[in-house]
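Here is how the chains run, residue by residue.
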Amino acid sequence: MNGDLRERIPWNGLTLLKALAAVEVVIVHAPAYRQIAAYCNPFNVAVVIFLFVQAFIVFARLSGGRAAGSYYRPEALARMALRVIVPWTVAVLLFIMLGFRYGHSTEYFWNCGAFGPGSYYLMLYLLSYFTLPLIWTALKRCGRWGIPVGLALALALEFLYPLMLGGLRNPALVYRCTPVRYLGVFALAFAAVELQCRALSRRVVWTVAGLGVASLALAYVRSLAPDRALPMPEDFGWWICHL
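Residues numbered from 1 in each chain as written. Predicted model: local features only at pLDDT ≥ 70, side-chain atom pairs only at ≥ 80, totals over all residues. Heavy atoms only, no water.

Engineer: Even after reading the chapter, I still don't get the overall build of the protein, so can you show me in this structure?
Structural biologist: Across its full length, the protein holds 11 helices and 0 strands. Mapped in sequence order, the helices and strands of the protein form the string α-α-α-α-α-α-α-α-α-α-α. Taken across its 243 residues, the protein has 34% of its residues classed as buried. Approximately 14200 Å² of the protein is accessible, and the part contributed by carbon and sulfur atoms is 68%. (Helix = DSSP H or I, 4+ residues; strand = E, 2+ residues; numbered from the N terminus. Buried < 20%, exposed > 50% of the residue type's maximum accessible area, 1.4 Å probe, protein only. Areas by Shrake-Rupley, 256 points an atom, 1.4 Å probe, with all protein chains shown as cover.)

This is the structure:
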């Protein structure tokens, strides 16, 4: 069963998701988007989709028998660097040649030297790369409670994590660059892999659909009526993506 799961990773569907997310990145950062941003903010989930795809692939491979420690072996790190870090470094060098400079070392560090839309993504990707095998191991050890535990922790950290960053110079930047705030996305990716080999009852399907509708409605409440937003300790403007 596990070997079959690894072979049945839906690559075409994941590629389509990544393509949709890439198109959304372009649209969201276009000037015309500002006029309709309030109505479309709940769908501003490009980063969420990219991270879901990353987590799904990692979790599917681990569930298929790959050892968690293999992600930290030199050959695995070299492949990741060649595919991700090297192209990123080339882009950063081009920006430097164009005369771009940072005003403060905090942004330079968390953005890994890059700027513009998605400039923080390499930091987020790398931190996720190193933590996803650990997250999968922890959730797997919870057994049948893995998915509820993951979602409960995500909800708790959505309230607590911003409070912990209150003393930093740029807490919003650190908040969006760390995988802590995306634990809910990783829990959903874990659930998707776990349910890959199970036959879902009609009640489960309707429950998931109902939760989706309710969460989208809550996101719209936050987007269209800020005065009726859910009580949050700190709002960095992106938490509605999790809903």
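Engineer: Before we go on, may I ask you to explain the environment of L153 in this structure?
Structural biologist: You can see L153 is positioned in helix α8 (residues 146-164). Between the alpha carbons of L153 and L183 there is a distance of 7.7 Å; along the sequence they are 30 residues apart.

Engineer: Would you mind going over the nonpolar core with me for this structure?
Structural biologist: Generally speaking, nonpolar side chains in soluble globular proteins are found buried as a group. If you look at the biggest cluster of nonpolar residues, it comprises 45 residues, and the most contacted ones within it are F56, F59, Y182 and F186. The set of elements that each furnish at least two residues to this core consists of α2 (11-28), α4 (46-63), α5 (74-97), α7 (121-141), α8, α9 (171-177) and α10 (183-194). Here this core gets 13 residues from one element, more than from any other, and that element is α4. When sequence neighbours within four positions are dropped, the list of residues in contact with F59 reads L132, I135, W136, F186, A189, F190 and V193. (Core = buried A, V, L, I, M, F, W, Y, C linked by side-chain atoms within 4.5 Å. Contact = heavy atoms within 4.5 Å.)

Engineer: Looking at this model, I keep getting lost on α4. Mind explaining?
Structural biologist: In an α-helix, one full turn covers 3.6 residues, which means residues spaced three or four apart are oriented alike. When the terminal C-alpha atoms of α4 are compared, their 26 Å separation across 18 residues agrees well with the 26 Å that a helix rising 1.5 Å per residue should span. For α4, a buried count of 15 out of 18 residues is recorded, marking the element as mostly surrounded by other parts of the structure. Where α4 ends, the next residue or the one after it, G65, has phi of about 120 degrees, a positive value. (Expected span 1.5 Å × (residues − 1).)

Engineer: Looking at this structure, how should I read the packing of aromatic side chains?
Structural biologist: Pairs of aromatic rings are described using the distance from one ring centre to the other and the angle between the two planes. According to the stated counting rule, one finds 7 aromatic pairs in the structure shown. Considering the side-chain rings of Y72 and F130, the 6.1 Å spacing of their centres and the 10 degrees angle between planes classify their relative orientation as stacked. With Y72 in the loop between α4 and α5 and F130 in helix α7, the pair connects residues that are 58 residues apart, well separated along the chain. A cation over an aromatic ring shows up here: R66 above the ring of Y71, its NZ or CZ 3.8 Å from the ring centre. (Phe/Tyr/Trp six-rings, centres within 6.5 Å; stacked < 30°, edge-to-face > 60°. Lys NZ or Arg CZ within 6 Å of the ring centre and 35° of its normal.)

Engineer: Would you mind going over a nonpolar patch on the surface with me for this structure?
Structural biologist: Judged by side-chain polarity, L82, V86, V90, L94 and M97 come together as a nonpolar surface patch covering roughly 520 Å² of accessible area. Along the chain, V86 turns up in helix α5. (Patch = residues over 30% accessible without salt bridge, like charges linked within 9 Å, V, L, I, M, F, W, Y side chains within 5 Å. Salt bridge = Lys/Arg side-chain N within 4 Å of Asp/Glu carboxyl O.)

Engineer: Sorry if this is basic, but what is going on with the pattern of salt bridges here?
Structural biologist: Two side chains with opposite charge may pair up if their charged atoms get near one another. Considering all chains together, one arrives at 1 salt bridge under this definition. In this structure, E194 and K140 form a salt bridge, with 2.7 Å as the shortest nitrogen-oxygen distance. Separated by 54 residues along the polypeptide, E194 in helix α10 and K140 in helix α7 bring together distant segments of the chain. Judged by its relative accessible area of 17%, E194 falls in the buried class. Residue class for K140 comes out partly exposed when judged on its relative accessible area of 36%.

Engineer: Quick question: what am I supposed to make of the environment of A191 here?
Structural biologist: Following the sequence through the fold, A191 ends up in helix α10. Assessed through its relative accessible area of 11%, A191 is described here as buried.

Engineer: Is there a simple way to think about the packing of α4 against α10 in this case?
Structural biologist: The angle between the axes and the distance between the axes are what describe a pair of packed helices. For the pair α4 and α10, the least separation of the axes is 8 Å and the interaxial angle reads 45 degrees. Overall, the two elements α4 and α10 adopt an arrangement that is oblique. As α4 packs across α10, the resulting crossing turns out to be right-handed. Taken together, the residues of α10 that come into contact with α4 (itself represented by V48, L51, F52, A55, F56, F59, A60 and S63) are V185, F186, L188, A189, F190, A192, V193 and E194. Classifying every residue of the contact of α4 with α10 gives 14 nonpolar, 1 polar and 1 charged. (Axes fitted to C-alpha atoms, helices over the stretch in contact; angles between N-to-C directions. Parallel < 35°, antiparallel > 145°, perpendicular 65-115°, else oblique. Left-handed = near helix turned anticlockwise from the far one by under 90°. Nonpolar A, V, L, I, M, F, W, Y, C, P; charged D, E, K, R; others polar.)

Shape is all these values report; function is a separate question.
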